[in-house]
Amino acid sequence: MKTTDKLFVPSLPTLWPHMLMAPPRPGALPPFSSPNARYFYFARNAVWLTIKMLRLDGGEVLMPAYHHGVEVEAVVDAGAIPRFYRVGSRWDVDVADVAKRITPKTRALYLIHYAGFPGPVDAMRKLADEHGIPLIEDCALSLLSSDGATPLGTTGDVGIFCLYKTLPVPNGGALVVNGKRSYSLPEPPAPPLASTFSHTVSALLQNLELRGGAVGRGLRGLVRSVGHGAVKAASVERVATGTQHFDRRHVDLGMSPLTKRIALAQDLEGIVEARRRNYFLLLGRLRDVSPPLFNQLPAGVSPLFYPMVVQDKELLLAKLREKGIDAIDFWKRFHPACDPSEFPEVAQLRRTILEIPCHQDLSPEVMGQVADVVREALKSERRPSKRAS
Ligand SMILES: Cc1ncc(COP(=O)(O)O)c(C=O)c1O
């Protein structure tokens, strides 16, 4: 590829038309393998319901200082008080710090597995058991990922998952209750059909662009402008996914039947394999220009993206997007309840990590092109600017 050519590298996998018709496969990984899974529109709804279900409202929940923010908002909205523990500069949860911060007011521990990389779930389980409190395992960024042979989301009292960050589905989050205790949970209503339809069409159009190059891109642009007009005219309620904030109006929204259909038809093992292959390709091509956060991919890990450490996020993002790579600024902000000055390593992570896509829809050829563009952009980031010279 010439570096002037524009790529199309979406941040999420696209929807292939055949996936709408494919027969279901047996789901060997949670949440699909669990008889106790409840499905929602978002993972944040599962976080909110977990607080209510475990009767944690009024109590304190010990959460990582490295968080998205929306999961903290869900905890707060449900009536619990978040307290925070230290996470180091390699996404390493400081279990000793967690232990130190547990008080009689602590009613639960909250662990996030970052981008498919397993956190210290056994140590957290032990700590929770010693204090007789539940462990909430947040796998919103870690669907299909395992710690060796143990699937993530199966050790905590509950496992929480987001489907649409890993699979080409229009919406979907899940709550899995592990252990013997059963809870009677409401079956949330299906979301507005128009919302599911709008997200599905958008993922199909992205697929067209991915496969169709310039023709696909033109067609997508045309359909999108007609679609926007139609959506406006019909005043359709499109409940956006991937948003930054918790909205109580959507807390009862369930998952669409179409999501389940698409999810169950996926080759989950193939997805994990493709993601691992793409991650290794980037690791091999980028480790000399940007010190990797993780030098290896432990067995079972299904990476959500390649976490790249950069000095100037804004500049890098602009350069990658200019070339058609939809990189994402990963977790820029602390929730207001968390004091950044108490967690300098997390503040540093928030300033320096970009998500480079490595999902199942990207071929090795495309990954090679992505690596070329990233290398070029990193080089220009390091070149002294004219003003500085
Ligand atoms: C750690 C974590 N938990 C929960 C969520 C909420 O996921 P959803 O967008 O499905 O509500 C997110 C969203 O990015 C997240 O990063």
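Residues numbered from 1 in each chain as written. Predicted model: local features only at pLDDT ≥ 70, side-chain atom pairs only at ≥ 80, totals over all residues. Heavy atoms only, no water.

A. Representation of the overall build of the protein chain. Check the secondary structure of the protein chain and you find 10 helices and 12 strands. Taking 389 residues into account, the globule formula puts the C-alpha radius of gyration at 21 Å, and the protein chain, at 21 Å, falls close to it. Projecting the C-alpha coordinates of the protein chain onto the three principal axes gives extents of approximately 60 × 55 × 40 Å. Each of the 389 residues in the protein chain was classed as buried or not, and the buried ones make up 53%. The long-range share in the protein chain, meaning contacts at least 24 apart out of those at least 6 apart in sequence, stands at 74%. Summing over all exposed atoms, the protein chain offers an accessible surface of approximately 17400 Å²; the carbon and sulfur share of this is 56%. (Helix = DSSP H or I, 4+ residues; strand = E, 2+ residues; numbered from the N terminus. Rg over C-alpha atoms; globule rule 2.2 N^0.38 Å. Buried < 20%, exposed > 50% of the residue type's maximum accessible area, 1.4 Å probe, protein only. Contact = heavy atoms within 4.5 Å. Areas by Shrake-Rupley, 256 points an atom, 1.4 Å probe, with all protein chains shown as cover.)

B. Geometry of the site of the ligand. Around the ligand, a shell composed of 14 residues is seen, among which Ala-43, Arg-44, Asp-138, Tyr-164 and Lys-165 lie nearest. With respect to the ligand, the side chain of Arg-44 contributes an N or O atom lying 2.6 Å from an oxygen atom. Contact distances for the ligand include 2.5 Å between an oxygen atom and a side-chain N or O atom of Tyr-164. Counted by class, the shell around the ligand contains nine nonpolar, one polar and four charged residues. (Near = heavy atom within 4 Å. Polar contact = N/O pair within 3.5 Å; in protein donor to acceptor, adjacent residues only side chain to side chain. Nonpolar A, V, L, I, M, F, W, Y, C, P; charged D, E, K, R; others polar.)

C. Representation of unusual backbone geometry within the structure. The omega torsion of the bond from Pro-30 to Pro-31 falls at 5 degrees, within 30 degrees of zero and hence cis. Following the sequence through the fold, Pro-31 ends up in the segment before strand 1 (37-40). Phi is positive for Trp-91, which is not a glycine, with a value near 60 degrees. Positionally, Trp-91 belongs in the loop between strand 3 (81-85) and helix 3 (95-101).

D. Broad picture of the pairing of strand 8 (residues 158-162). Of all five residues that make up strand 8, five are buried, and the element is covered over most of its length. Here strand 8 shows two buried faces, one formed by Val-158, Ile-160 and Cys-162 and the other by Gly-159 and Phe-161. In terms of strand pairing, strand 8 meets strand 9 (residues 173-177) through five bridges, oriented antiparallel. Bridge pairing in strand 9 places Phe-161 opposite Ala-174. (Pairing = 2+ DSSP bridges.)

E. Fine view of the packing of helix 8 (residues 313-322) against helix 10 (residues 364-382). One way to put it is that helix 8 packs onto helix 10 with a least axis distance of 10 Å and a crossing angle of 145 degrees. With respect to the hand of their crossing, helix 8 and helix 10 are arranged in right-handed fashion. Contacts between helix 8 and helix 10 involve Leu-315, Leu-316, Lys-319 and Leu-320 on the former and, on the latter, Val-373, Val-374, Ala-377, Leu-378, Ser-380 and Glu-381. Across the contact of helix 8 with helix 10, the residue classes break down as seven nonpolar, one polar and two charged. (Axes fitted to C-alpha atoms, helices over the stretch in contact; angles between N-to-C directions. Left-handed = near helix turned anticlockwise from the far one by under 90°.)

F. How the structure looks around the packing of aromatic side chains. Across all of its chains, the model carries 16 aromatic pairs by this definition. Seen from their ring centres, Tyr-66 and Trp-91 are 6.3 Å apart, and the 45 degrees between their planes marks the pair as tilted. With Tyr-66 in the loop between strand 2 (60-64) and helix 2 (70-77) and Trp-91 in the loop between strand 3 and helix 3, this residue pair connects regions lying 25 residues apart in the sequence. Measuring from ring centre to ring centre gives 4.0 Å for Phe-117 and Phe-294, while their planes differ by 10 degrees; the resulting arrangement is stacked. Residue Phe-117 is found in the loop between strand 4 (106-112) and helix 4 (121-131), and its partner Phe-294 is found in the loop between helix 7 (268-286) and strand 10 (306-309); the two are separated by 177 residues along the sequence. Accessibility expressed as a relative area gives 18% for Phe-294, which makes it buried. Here the aromatic residues Tyr-66, Trp-91, Tyr-114, Phe-117, Tyr-279, Phe-294, Phe-305, Tyr-306, Phe-330 and Trp-331 are joined through ring pairs into a cluster of three or more. (Phe/Tyr/Trp six-rings, centres within 6.5 Å; stacked < 30°, edge-to-face > 60°.)

G. Looking closely at the sheet that holds strand 12 (residues 353-356). What the three strands build is an open sheet, ordered 10-12-11; its pairing is antiparallel. Unpaired on one side and paired on the other, strand 10 and strand 11 (328-329) mark the two borders of the sheet. Both strand 11 and strand 12 contribute to a ladder of two bridges, which runs antiparallel. Considered in strand 12, the bridge of Asp-329 is made with Leu-354.

H. Looking closely at the domain arrangement of the protein chain. Looking at the protein chain, the domain boundaries give domain 1 (22-177) and domain 2 (268-382). Averaged C-alpha coordinates put domain 1 and domain 2 at centres separated by 23 Å. In this complex, domain 1 contributes 36 residues to the contact, which on the side of domain 2 involves 34 residues. Carbon and sulfur atoms supply 68% of the area that domain 1 and domain 2 bury against each other, a total of about 2900 Å² over both sides. Inspection of the domain 1/domain 2 interface yields two salt bridges. (Domains from an automatic or database assignment. Buried area = accessible area lost by both parts, 1.4 Å probe. Salt bridge = Lys/Arg side-chain N within 4 Å of Asp/Glu carboxyl O.)

I. Structural context of helix 9 (residues 344-352). Residues Val-346, Ala-347, Leu-349, Arg-350 and Thr-352 constitute the buried set of helix 9. The inward-facing, buried residues of helix 9 contact strand 10, helix 8 and strand 12.

J. Structural view of the sheet that holds strand 1. Pairing is mixed across the open sheet formed by seven strands, whose spatial order is 1-9-8-5-4-2-3. Looking at strand neighbours, the two that pair on one side only are strand 1 and strand 3, the edges of this open sheet. Each strand of the sheet is rotated relative to its neighbour by a mean of 20 degrees, with strand direction disregarded. Pairing geometry for strand 2 and strand 4, over three bridges, is parallel. Each residue of the ladder has a partner; that of Glu-60, found in strand 4, is Thr-106.

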